[in-house]
Amino acid sequence: MSDEKEQLGLHNLAAPKGATKAPKRKGRGQGSGLGKTAGRGHKGQKSRSGGGVRPDFEGGQMPLIRRIPKRGFFNPARVEYQVVNLKDLEKVGGEEVNPKTLVAACLIGSEKKPVKVLGTGDAGKAYVVTGCKVSSTAGEKIAKAGGRVEA
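Structure report, in brief. (Residues numbered from 1 in each chain as written. Predicted model: local features only at pLDDT ≥ 70, side-chain atom pairs only at ≥ 80, totals over all residues. Heavy atoms only, no water.)

**Brief notes about the environment of K26**
Spelled out, the test is: Only DSSP runs of H or I reaching four residues or more are called helices, and only runs of E reaching two or more are called strands; each is numbered from the N terminus. Residue contacts follow a heavy-atom distance rule, with two residues in contact if any of their heavy atoms lie within 4.5 Å.
Within the secondary structure layout, K26 lies in the segment before α1 (64–67). Considering only alpha carbons, one finds K26 and K70, 44 residues apart in sequence, at a separation of 46 Å. Look past the residues within four positions of K26 in its chain and what remains in contact with it is L34 and A38.

**Some words on the nonpolar core**
Where we set the bar: Nonpolar cores were defined as sets of buried Ala, Val, Leu, Ile, Met, Phe, Trp, Tyr and Cys residues, with membership established by side-chain atoms within 4.5 Å. Think of it in three bands: with a 1.4 Å probe and only protein chains considered, a residue is buried below 20% of the maximum accessible area for its type, exposed above 50%, and partly exposed in between.
Counting 17 residues, the largest nonpolar core has V84, L86, L89, L102, V117 and V129 as the members making the most contacts within it. For this core, the secondary-structure elements that each account for two or more residues are β3 (115–118) and α3 (136–144). Non-local contacts of V84, meaning those with residues more than four positions away in its chain, are made with L89, L102, L107, I108, V115, K116, V117 and L118.

**Focus: unusual backbone geometry**
Despite not being glycine, A38 shows a phi value in the positive range, around 55 degrees. By the element assignment, A38 lies in the segment before α1. By relative accessible area, A38 is classed as buried at 15%. Positioned with a positive phi, C106 is a non-glycine residue whose angle comes to about 60 degrees.

Geometry only, nothing functional implied.
Written out as structure tokens, the structure reads:
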């Protein structure tokens, strides 16, 4: 009895009958119904290759993006620090705290961006912080716990 259905796999996947439709074959002669102008009408901007208006075009009316007032200032020189709190440093494991160990502990996303240690929480042990900026309160707490901050 070979009535068993074949196992379904990537090699025998097929769309069900009637699910797919042949694409319109434009510009293939008058008999196709879409010959000559290929359904684009006669002349004009939209009939041309690459023709048409951009999506934000409002027919010559002053565009919305230009009507709305602009506010504020974007500072291209701004430095955004990755912030780590003192209470989170226990996740690092050892006493050595630097961008590499912070990435390994999943406390920051990138070694390349600057890091700043803030003073929320307490320093559980004597940490040696290198390659990071440290707030004044965090620096005091680290020193109090017997650690140090190296530039």
